[in-house]
Amino acid sequence: MMGRTAFRGVQKIMQPVSLVLVIAFGFHSAVLAELQSMNDGELSQVDGAGIGFVLDNFTFSHGTDEPDENGEQARIFRITGIKSTSGEAVDITVNHLYIAGDGSNYGENLIPVNLGRLINPWRIDVVDGNDIGVQDKAVLELAAPSKVAAAAGFDCLGGSAVAGSGTCSSRPANGGWRGERADMGLQMNVAVGADRSSNLNLHARSAVIDGSHIRLWGDDERRQMAGQFRFNLYSPEVSINACSRDGTSCGSRIKMSDFALELVIGNSLQPIFFDVDGSGNFILEVDAIAAPAAGQIAADGQRGGSDAATWDFYDDYYSNPDFRSNLHIGNFSVGDRDFGPARMEGMLIQHLKIQTKDLAK
Amino acid sequence: MNHKLLSPCVRTPLVCFLLALPLSGVAEMSPLADEVLSGVSGQGGIYLSGDIRINEVGGPIENSYFGRCDDATKKCGARFAYRLKETGGWLVLDDIRGSFAFEGLTLGLTTIDSGFAGDGDLFNGDALELGLPNTVRFSDVRFKIAASNAPRPTDPGFQQTDIFAVEMQGNVIMEGNLLVFPAGNP
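Since this is a predicted model, take the numbers as computed values, not measurements.

**A look at the overall build of chain A**
Right, so step 1: Secondary structure assignment for chain A yields three helices and 18 strands.
Right, so step 2: Across the 361 residues that make up chain A, the buried fraction comes to 30%.
Right, so step 3: Long-range pairs, those at least 24 residues apart, make up 57% of the contacts in chain A with a sequence separation of at least 6.

Put into structure tokens, the structure is as follows:
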């Protein structure tokens, strides 16, 4: 009898527990019922807060060297697996790769730098495609600090730029601040079979990559990953030279001062498509833009007489500066000889197809 | 008599124990007011030392695509394949293996309202701060970029073109702090 009473007591305790459980399970299933897949159109409206990244007080250095006097393991950074046309193995050994503050003296003296600004950081974000010309798509974007209005920005090249002098957001180092412009460099040598080249050095001083981005989305028609790529590199000095492998003697330094590269591959009308073909080769393709139908553009090429919308479409395609790649070099010099400035402006990639081929087969 | 009294819990002791736990928990908890909560200050963050090994001497699953590194007939290392087109081939990160060791990776939350040459004042917010460990030791870290017509080497008609392979060894200097925070227009 007593046991039964106790059992009822437990049951009484259990009742609210069951109620809680029922509520919990009910809540859970209610949540499940609320989840629905979103279509492309709905998803394209998603414009959440992205994630910002800033590297503060940052130095990076990696490379290859001999074991030190204490027998510490040598550092190795090697790229292999490439074959020459004659089938010999190609080995690229990276002796030094660094990212450090301005004034590193070609990587000799590594000092810290900031990458990205708190008010204009590196970003990973899902953006509304309608804002960037990719209609009704949610676009994944990885972006360097964006360019800013000339009134607020800094000269992209000048090492001592003051506010209001240009469109770059990253600031050069000045007395009190280490700045957001990095010295970057790479020393490597290449061996083809048993022949090893001299060391090749590439350095960019006080480099800024503001305005660069990679955007990725899925293309409905081709059912394929599509993208846009923009790489800006501004540096007061980019240099290349070759040195003997022990570093004792170096050839002339090729210097490109006031170097500005704005490389655009893929745009909103012609994205880059990535694919791998049936034999396992990588394909990167920028599709040609569709030709106008017969009669849409007048014989004289003028707007009058052409279909206005078609004419405007092609006019925008050919005149949009965002679709064009540029390269400016303030002065090109080899050793103590100057060759003056060089400019390549307004390059438009109309069709590009890169396909890897396995030479070993 | 006593055993009868306890009988429901004796029958399902685990259930009773589990049910009792949250109940006692609920009884102990009381909500903290905003003002009280604003006064709470936790420990400074997390200090991590790590030794991460990825398939250093081959995986435990011994078949032709995730096998032992000392057996040339078997594939070694982890493999990550990504398809770029609905009917297309796969971009592959293959033979991923090696180990990383680091000491002193810190993780904490920091409030920034000054410094950064004027940006701190404008930012005036919290950021997740990941303190980089100064040196990261790479031991035989390798991976390979490749393109393949099938996700796994065991798939019929498998063909793969290795594009290049990377090998890293030794100490890498990685100094500074990585600050992570929300950005953009929510």
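Text resumes after the structure shown.
**A word on the interface of chain A and chain B**
Right, so step 1: Opposite the 56 residues of chain A that make contact, chain B presents 52 residues.
Right, so step 2: Where the side of chain A that touches chain B is concerned, the elements lending two or more residues are helix H1 (2-34), strand S1 (50-63), strand S2 (76-83), strand S5 (122-128), strand S11 (224-243) and strand S13 (272-276) of chain A.
Right, so step 3: At 13 residues, the largest contribution of residues to the side of chain A that touches chain B is made by S1 of chain A.
Right, so step 4: Here the side of chain A that touches chain B is composed, by residue class, of 26 nonpolar, 18 polar and twelve charged.
Right, so step 5: Sheet topology places S2 of chain A next to strand S6 (residues 160-183) of chain B; five bridges connect them, and they run antiparallel. Its bridge partner being in S6 of chain B, Ile-79 of chain A is matched across the sheet by Val-166 of chain B.

**Considering the nonpolar core**
Soluble, globular proteins show a tendency: their nonpolar side chains are buried together.
Right, so step 1: Judged by nonpolar contacts, the single largest core of 41 residues is most densely connected at Ile-99, Leu-115, Ala-182, Met-184, Ala-207, Val-208 and Tyr-234 of chain A.
Right, so step 2: In terms of nonpolar packing, the next biggest core, distinct from the first, is built from 17 residues, Ile-272 of chain A together with Leu-91, Val-92 and Ala-146 of chain B among them.

**A few points about the confidence of the model for chain B**
All names here are of chain B.
Right, so step 1: Per-residue confidence for chain B gives a mean pLDDT of 75; residues scoring 70 or more make up 68%.
Right, so step 2: Confidence, expressed as mean pLDDT per element, reaches its minimum in chain B at helix H1 (residues 2-5) with 43 and its maximum at strand S4 (residues 125-131) with 92.
Right, so step 3: Across residues 1-26 the pLDDT falls below 50, and counting only partners more than four positions away or on other chains, this stretch makes twelve contacts in the model.
Right, so step 4: The low-confidence segment residues 60-65 (pLDDT under 50) makes twelve contacts with residues lying over four places distant or belonging to another chain.

**Some remarks on unusual backbone geometry**
Residues and elements named next belong to chain B.
Right, so step 1: The backbone phi angle of Ala-117 is positive, close to 50°, even though this residue is not glycine.
Right, so step 2: With respect to the element layout, Ala-117 can be found in the loop between strand S3 (90-112) and helix H5 (119-123).
Right, so step 3: Residue classification places Ala-117 among the partly exposed positions, given that 16 C-beta atoms sit within 10 Å.

**Examining the environment of Asp-277 of chain A**
Right, so step 1: When you line up the elements, Asp-277 of chain A lands in the loop between S13 and strand S14 (282-286).
Right, so step 2: Accessibility expressed as a C-beta count within 10 Å gives 17 for Asp-277 of chain A, which makes it partly exposed.
Right, so step 3: Considering only alpha carbons, one finds Asp-277 of chain A and Gln-355 of chain A, 78 residues apart in sequence, at a separation of 9.0 Å.
Right, so step 4: Setting aside residues no more than four positions away along its own chain, Asp-277 of chain A makes contact with Ile-283 of chain A together with Gly-89 of chain B.

**Quick look at the environment of Gly-176 of chain A**
Right, so step 1: For Gly-176 of chain A, the position within the fold is in the loop between strand S6 (138-143) and strand S7 (182-192).
Right, so step 2: As a C-alpha pair, Gly-176 of chain A and Val-126 of chain A span 50 residues in sequence and 36 Å in three-dimensional space.

**A few points about helix H3 (residues 308-319) of chain A**
Right, so step 1: When the terminal C-alpha atoms of H3 of chain A are compared, their 16 Å separation across twelve residues agrees well with the 16 Å that a helix rising 1.5 Å per residue should span.
Right, so step 2: The buried fraction of H3 of chain A is low, at zero of twelve residues.

**Looking at the pairing of S1 of chain A**
Right, so step 1: In terms of burial, S1 of chain A is largely enclosed, as eleven of its 14 residues are buried.
Right, so step 2: Inspection of the sheet shows S1 of chain A paired to S6 of chain B by ten bridges, in the antiparallel sense. In the sheet register, Phe-60 of chain A faces S6 of chain B, and the bridge partner there is Met-174 of chain B.
Right, so step 3: Summarising the sheet, S1 of chain A and S5 of chain A pair through three bridges and their orientation is antiparallel. From the neighbouring strand, Phe-53 of chain A faces S5 of chain A, where its bridge partner is Trp-122 of chain A.
Right, so step 4: Relative to strand S4 (residues 113-115) of chain A, S1 of chain A runs antiparallel, the two being bridged by two bridges. Across the sheet, residue Leu-55 of chain A finds its bridge partner in S4 of chain A, namely Leu-115 of chain A.
Right, so step 5: Pairing of S1 of chain A with strand S3 (residues 89-101) of chain A involves four bridges; the strand directions are antiparallel.

Quick notes on the rules
- Residues numbered from 1 in each chain as written.
- Chains lettered and ligands numbered in written order.
- Predicted model: local features only at pLDDT ≥ 70, side-chain atom pairs only at ≥ 80, totals over all residues.
- Helix = DSSP H or I, 4+ residues; strand = E, 2+ residues; numbered from the N terminus.
- Buried ≥ 20, exposed ≤ 12 C-beta atoms within 10 Å, placed from the backbone.
- Contact = placed C-beta atoms within 7 Å.
- Nonpolar A, V, L, I, M, F, W, Y, C, P; charged D, E, K, R; others polar.
- Pairing = 2+ DSSP bridges.
- Core = buried A, V, L, I, M, F, W, Y, C linked by C-beta atoms within 7 Å.
- pLDDT = per-residue confidence, 0-100.
- Expected span 1.5 Å × (residues − 1).

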